[in-house]
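Structural description and commentary
Spelled out from the first residue to the last, the chains are:
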Amino acid sequence: MEIILSELDLYIHNIEPKEAEKDSFKSTQYCERKAHFFNNKSSFELLCRKDSKAALKYSLKATDLCGKFTDFNPLLAASIYSDLAEVYRTENQLDEAYKYLSLAGKIISDKKLPFGYDVFAIERKCAKLLESMGKYFEAFLFINTILVQIKDRKDNPLDLANVLWDGGFILLKMNQREKAQNYLGSAYKIYSDLRADDTKFMDEIEIKLLQNKIIPLPLLKKFNLSLEDFKK
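Throughout what follows, the structure given in this document is the object of discussion. These numbers were taken from a predicted model, which means no experiment stands behind them.

Moving on: empty space enclosed by the protein. By the definition in use, this model includes one cavity of 30 Å³ or more. As a volume, the largest cavity reaches approximately 40 Å³. Every residue along the wall of the largest cavity is listed here: S82, A85, E86, R89, A97, L101, K125 and L129. Elements with a contribution of two residues or more to the lining of the largest cavity: α5 (74-90), α6 (94-110) and α7 (117-132). Counting residues per element, the lining of the largest cavity draws most heavily on α5, at four residues. A breakdown of the residues in the lining of the largest cavity according to their chemical character gives four nonpolar, one polar and three charged.

Here the largest pocket is characterised by a volume of approximately 200 Å³. In terms of lining residues, the largest pocket is bounded by E86, R89, Y117, F120, A121, R124, K125, K128, L129, D159 and N162. Secondary-structure elements contributing two or more residues to the lining of the largest pocket are α5, α7 and α9 (157-173). Ranked by residue count, the leading element in the lining of the largest pocket is α7, at seven residues. Among the residues forming the lining of the largest pocket, the class breakdown is four nonpolar, one polar and six charged.

What follows covers the packing of helix α4 (residues 52-66) against α5. At a minimum axis separation of 9 Å, α4 and α5 run at an interaxial angle of 155°. By the criterion of interaxial angle, the relationship of α4 to α5 is roughly antiparallel. By crossing handedness, the relation of α4 to α5 is classed as left-handed. Contact residues: α4 offers S52, A55, L56, S59, L60, A62, T63 and C66, while α5 offers A77, I80, Y81, D83, L84, V87, Y88 and T90. Among the residues making up the contact of α4 with α5, the classes are represented as 11 nonpolar, four polar and one charged.

Tracing the sequence through the fold places L160 in helix α9. With 11 residues separating them along the chain, L160 and Q149 place their C-alpha atoms 10.0 Å apart. Those residues within four positions of L160 in sequence are excluded, and the remaining contacts are L147, I150, K151 and I190.

What follows covers the nonpolar core. Counting 34 residues, the largest nonpolar core has F69 and I80 as the members making the most contacts within it. For this core, the secondary structure elements donating two or more residues are α3 (27-47), α4, α5, α6 and α7. The residues touching I80, leaving out its near neighbours within four places in the chain, are A35, N39, S59, A62, T63, C66 and F69. Listed in part, the 30 residues of the second largest apolar core include F120, I146, V163 and M202.

What counts and what doesn't
Residues numbered from 1 in each chain as written. Predicted model: local features only at pLDDT ≥ 70, side-chain atom pairs only at ≥ 80, totals over all residues. Heavy atoms only, no water. 1 Å grid on protein atoms, 1.4 Å probe; cavity = no way out; pocket = protein on both sides within 12 Å on 5 of 7 lines; lining within 4 Å. Points joined across faces, edges and corners; volume = space filled by probe spheres on them. Helix = DSSP H or I, 4+ residues; strand = E, 2+ residues; numbered from the N terminus. Nonpolar A, V, L, I, M, F, W, Y, C, P; charged D, E, K, R; others polar. Axes fitted to C-alpha atoms, helices over the stretch in contact; angles between N-to-C directions. Parallel < 35°, antiparallel > 145°, perpendicular 65-115°, else oblique. Left-handed = near helix turned anticlockwise from the far one by under 90°. Contact = heavy atoms within 4.5 Å. Core = buried A, V, L, I, M, F, W, Y, C linked by side-chain atoms within 4.5 Å. Buried < 20%, exposed > 50% of the residue type's maximum accessible area, 1.4 Å probe, protein only.

Written out as structure tokens, the structure is:
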């Protein structure tokens, strides 16, 4: 990890133009490259070192530059704001997290960014944050928005499963058990089809379903159970 961090430090040194070159260097591209570095370094601190304080420092540096290139690269700006929101969520500063996720969402809306993996990731973060704030109805609205967009994409059915899974547990918190069963059952079917060989993952999924008394038919058959076993 130290080697990787050293390489990142070397990268920021290399991307920064010399003083004599700055006037001729396009400021938007310069700021974009530097913000991209700070954002990557923030992710490294958060995910690899588990140091949210350091991550916040670098993420704030990245967001300070966003105003310089939002029109030039709105997707990067939205991603940086959403990553800062994730750092704040880790720090349990949910109001700050919501503020920056809202900024990311506004860029997506104002710039009419096409639905792709980055937009999907940002919108899923919005749903998860709203859920952690206890705003279940608003979180579920985000889930439905994502589902409308993602069902037109056939390239990654696991994305669909992940959103159905998120939505199912939000519905449980809204006391809509029957609807939650449908969402989680659909997610489980996709996971079973595509990740059956990942026994650790499937064990975790099945344990969580059983703990919440959500029993898709394939799971009943697998463990030779009946619904009566869960009414006791």
